[in-house]
Amino acid sequence: MSETMRNLFPYLLLSLVPGVIACLVTLIRDADEKTKRRVSNAPVLGIVGLIGSLICGFISLGCCIEGADDGFKILFAASALLMQILILWYVNCRIEYDDDGFVHKDLFGVRRHYGYADVTGIRINDHESFICIGRRRVMVDEIAIDGGKFLLFVEKRYRATHRGEEIPVRTPKLDLYNGHIVNGHGLVVASIIMYVFCFGFLAFVLLLNQYPDEKIETREVSFVSCREPKSRIGDWRLTDDQGCLYKVVYQKGVTDTDAFRTFAAQPSECTITGRIFNSKNKEESPYMHVLTISRDGQDVISQAQADRYVRRDKLGGVVMALVFLGLWSLYFIPGIFIGRDPNKHPRLARLLFEERNIIWDL
């Protein structure tokens, strides 16, 4: 992130304010208009978005003030923006109707008026329904307040304007499961969200640099005490003559325990590089995470060893993301082939899908 962006970043968080205000105003207004013919999302959606936006926004602002890594600033700012989507969903996504027609307001606040004679079909899924008006669709979610009442009213008005005919039932044009799986498109959407999350987390781990060059310090110190790790995965704790704490991560197969113990016992001056971190224990002072050490021109811990540690430091997050990707792919990809024709794979189909969600006789 450039220096200009770092200076502007706290002010960019002010963009969250309009959404917060709109959410509060809508919550108050909805409480006063309970008798109106309207389909709206549950207030809890706006409340979650409101609280989430404020918490993530304040954390991101705190990261700016404390000088935290750019990755953490961006992560919490992005989370605050995602919470704003919940607010938009609550504030904007609603339907108002009367005997002549209904007005649909979408996520972006665009209002469109439709008559009941304009309805061309309806599609009903497990968790939402869609009223089709030509190429346009109006979604009524299962969690929407008075959504069922609105759908019944649309069916009643449609029959009145079409000589008693029922609304034609539409099926999805693109269905990976060929119509054999109830709410199959919902499973596809959930899978896409899961893949986006896993790849996003993987990119975050790979791109986040805990040790940027501008955060690395070089010091000339003399250690006066050394505490060995209790196990092979612990840290060596060194203290200099000023009482400052330094942590050196033990690396199996890299750190020579006897040689390092001998080095730490010698009080002569050495050159170290590392980064200052705040201690998790509030009673302890900040410490330097040591990356390289050299004494009398000889490397005790070289730059190559430090680079190896930094790479290994990211390995856990990378493995976690890849494991999630692999496990979900083992479920989703075979499920496509099985779901397209469950009659060929009855036993496997029962493992990947609930029995009641499989339409066998197609």
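Model, not experiment: these values are computed from the prediction.

Caption draft 1: Quick look at the overall build of the chain. Summing up its helical and strand segments, the chain has nine helices and 14 strands in all. Relative to its full complement of 362 residues, the chain shows a buried share of 39%. Sequence separation of 24 or more characterises 57% of the internal contacts of the chain that already satisfy a separation of 6 or more. Counting only carbon and sulfur atoms, one obtains 60% of the accessible surface of the chain, whose full area is about 21,900 Å².

Caption draft 2: Molecular detail of the sheet that holds strand β6 (residues 128-133). Pairing is antiparallel in the open sheet, where three strands are placed in the order β5-β6-β7. The open sheet is flanked by β5 (121-124) and β7 (136-141), the only strands paired with a single partner. Adjacent strand axes in the sheet meet at a mean angle of 20 degrees when their direction is disregarded. Here β5 pairs with β6 via four bridges, running antiparallel. Bridge assignment links Ile 122 to a residue of β6, and that residue is Ile 131. Packed on one face of the sheet, helix α5 (residues 147-161) meets β5, β6 and β7 and runs near 35 degrees to β6.

Caption draft 3: Region of the structure containing the packing of aromatic side chains. Here the structure, examined in full by the defined rule, presents 11 aromatic pairs. With a centroid separation of 6.2 Å and 65 degrees between ring planes, the pair formed by Tyr 195 and Phe 332 is classed as edge-to-face. With Tyr 195 in helix α6 (residues 184-207) and Phe 332 in helix α8 (residues 303-340), the pair connects residues that are 137 residues apart, well separated along the chain. Among the aromatic side chains, those forming a connected cluster through ring pairs are Tyr 97, Phe 102, Tyr 114, Tyr 116, Phe 150 and Phe 153. Lying across the ring of Tyr 90, Arg 94 places its NZ or CZ 5.7 Å from the centre.

Caption draft 4: Looking closely at the side chain of Asp 106. Position of Asp 106 among the secondary structure elements: in the loop between β3 (101-105) and β4 (111-115). A distance of 2.9 Å separates a polar atom in the side chain of Asp 106 from the backbone nitrogen of Val 110. Once residues lying within four places of it in the same chain are set aside, the contact partners of Asp 106 are Asn 92, Cys 93 and Arg 112.

Caption draft 5: Looking closely at the pattern of salt bridges. Enumeration over the complete set of coordinates arrives at five salt bridges. Between Glu 166 and Arg 159 there is a salt bridge whose closest N-O contact spans 3.6 Å. Exposure remark for Arg 159: the relative accessible area of 30% places this residue in the partly exposed category. As a salt-bridge pair, Arg 219 and Glu 217 come within 3.4 Å of each other at their nearest N and O atoms.

Caption draft 6: Here's a closer look at helix α2 (residues 16-32). Under the 1.5 Å per step criterion, the end-to-end length of α2 is 25 Å for 17 residues, consistent within 8% with the ideal 24 Å. Leu 16, Gly 19, Val 20, Cys 23, Thr 26 and Asp 30 are the residues of α2 that are buried. Mapping the buried residues of α2 onto a view down its axis gives an arc of 130 degrees, with all of them on the same face. More than 90 degrees from the buried face of α2, the exposed residues found are Pro 18, Ile 28 and Asp 32.

Caption draft 7: Quick peek at unusual backbone geometry. Although it is not a glycine, Asp 146 adopts a positive phi angle of roughly 65 degrees. Residue position: Asp 146 is located in the loop between β7 and α5. The class for Asp 146 is partly exposed, based on a relative accessible area of 34%. With a phi close to 55 degrees, Arg 163 is a non-glycine residue in the positive phi region. Counting through the fold element by element, Arg 163 comes out in the loop between α5 and α6. Here Arg 163 falls in the exposed class, since its relative accessible area comes to 85%.

Caption draft 8: Structural view of a nonpolar patch on the surface. A contiguous nonpolar patch, built from Leu 315, Val 319, Val 323, Leu 327 and Leu 330 and spanning about 480 Å² of accessible area, is present on the exposed surface. Within the secondary structure, Val 319 is located in helix α8.

Caption draft 9: Examining the sheet that holds β4 more closely. Taken in spatial order, the four strands make up an open sheet running β1-β2-β3-β4, and their pairing is antiparallel. With one partner strand each, in any of the chains shown, β1 (38-40) and β4 form the two edges of the open sheet. Between one strand and the next, the sheet's axes are offset by a mean angle of 15 degrees, whatever the strand orientation. On top of the sheet, α5 reaches β1, β2 (94-97) and β3; it is set at about 45 degrees to β2, its chief contact.

Rules and cut-offs
- Residues numbered from 1 in each chain as written.
- Predicted model: local features only at pLDDT ≥ 70, side-chain atom pairs only at ≥ 80, totals over all residues.
- Heavy atoms only, no water.
- Helix = DSSP H or I, 4+ residues; strand = E, 2+ residues; numbered from the N terminus.
- Buried < 20%, exposed > 50% of the residue type's maximum accessible area, 1.4 Å probe, protein only.
- Contact = heavy atoms within 4.5 Å.
- Areas by Shrake-Rupley, 256 points an atom, 1.4 Å probe, with all protein chains shown as cover.
- Pairing = 2+ DSSP bridges.
- Axes fitted to C-alpha atoms, helices over the stretch in contact; angles between N-to-C directions.
- Phe/Tyr/Trp six-rings, centres within 6.5 Å; stacked < 30°, edge-to-face > 60°.
- Lys NZ or Arg CZ within 6 Å of the ring centre and 35° of its normal.
- Polar contact = N/O pair within 3.5 Å; in protein donor to acceptor, adjacent residues only side chain to side chain.
- Salt bridge = Lys/Arg side-chain N within 4 Å of Asp/Glu carboxyl O.
- Expected span 1.5 Å × (residues − 1).
- Arc of directions from axis to C-beta.
- Patch = residues over 30% accessible without salt bridge, like charges linked within 9 Å, V, L, I, M, F, W, Y side chains within 5 Å.

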